[in-house]
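What follows is the residue order along each chain.
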Amino acid sequence: MPLNIGAGSWPIPPTGVAFLTESVAPWRCSTFLRILVDGGAELSMAIESAGPLFAALTDLVTSGLAGQEANWR
């Protein structure tokens, strides 16, 4: 999934990519979320950890947007 991070500020690169990976083995392996951004920054985490993290980030962003709306009124 391409990521447009253009709204960020330096040193965050403007683009990146997120994808899922899994080792190839005869037994069940964990799935990992990997995020790579231009310039070589990389994040890799087990998918079990990614769900709660992104839920918390969604709550944080929603709260921030609600605060901005209150300031706009």
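Summarised in this report is the structure supplied together with it. Owing to the predicted nature of the structure, the values given are computational and were not obtained by experimental measurement.

## Describing the overall build of the protein
Then step 1. Counting its regular elements, the protein contains 1 helix and 4 strands.
Then step 2. Listed N to C, the secondary structure of the protein is β-β-β-β-α in terms of helices and strands.
Then step 3. Buried positions account for 12% of the 73 residues belonging to the protein.
Then step 4. Carbon and sulfur atoms make up 64% of the accessible area of the protein, which amounts to about 5700 Å² in all.

## With respect to the sheet that holds strand β2 (residues 15–22)
Then step 1. Across the sheet, which stays open at both edges, the 4 strands sit in the order β1-β2-β3-β4 with antiparallel pairing between neighbours. Each of the sheet's edge strands pairs with one partner strand only, and the pair in question is β1 (2–4) and β4 (42–46). Between one strand and the next, the sheet's axes are offset by a mean angle of 20 degrees, whatever the strand orientation.
Then step 2. Sheet analysis places β1 next to β2, joined by 3 bridges and oriented antiparallel. Looking across to β2, one finds that Leu3 is bridged to Gly16.

## Considerations on the environment of Met45
Then step 1. By the secondary structure assignment, Met45 is in strand β4.
Then step 2. Remark: the alpha-carbon pair of Met45 and Arg34, spanning 11 residues in sequence, is separated by 6.7 Å.
Then step 3. Discounting chain neighbours no more than four positions away, the residues touching Met45 are Thr31, Phe32, Leu33, Ala50 and Leu53.

## Brief notes about the nonpolar core
Then step 1. In terms of nonpolar packing, the biggest core is built from 6 residues, these being Ala18, Leu33, Ile35, Val37, Met45 and Ala50.
Then step 2. Considering each element in turn, this core owes the most residues, 3 residues, to strand β3 (residues 31–37).

What counts and what doesn't
Residues numbered from 1 in each chain as written. Predicted model: local features only at pLDDT ≥ 70, side-chain atom pairs only at ≥ 80, totals over all residues. Heavy atoms only, no water. Helix = DSSP H or I, 4+ residues; strand = E, 2+ residues; numbered from the N terminus. Buried < 20%, exposed > 50% of the residue type's maximum accessible area, 1.4 Å probe, protein only. Areas by Shrake-Rupley, 256 points an atom, 1.4 Å probe, with all protein chains shown as cover. Pairing = 2+ DSSP bridges. Axes fitted to C-alpha atoms, helices over the stretch in contact; angles between N-to-C directions. Contact = heavy atoms within 4.5 Å. Core = buried A, V, L, I, M, F, W, Y, C linked by side-chain atoms within 4.5 Å.

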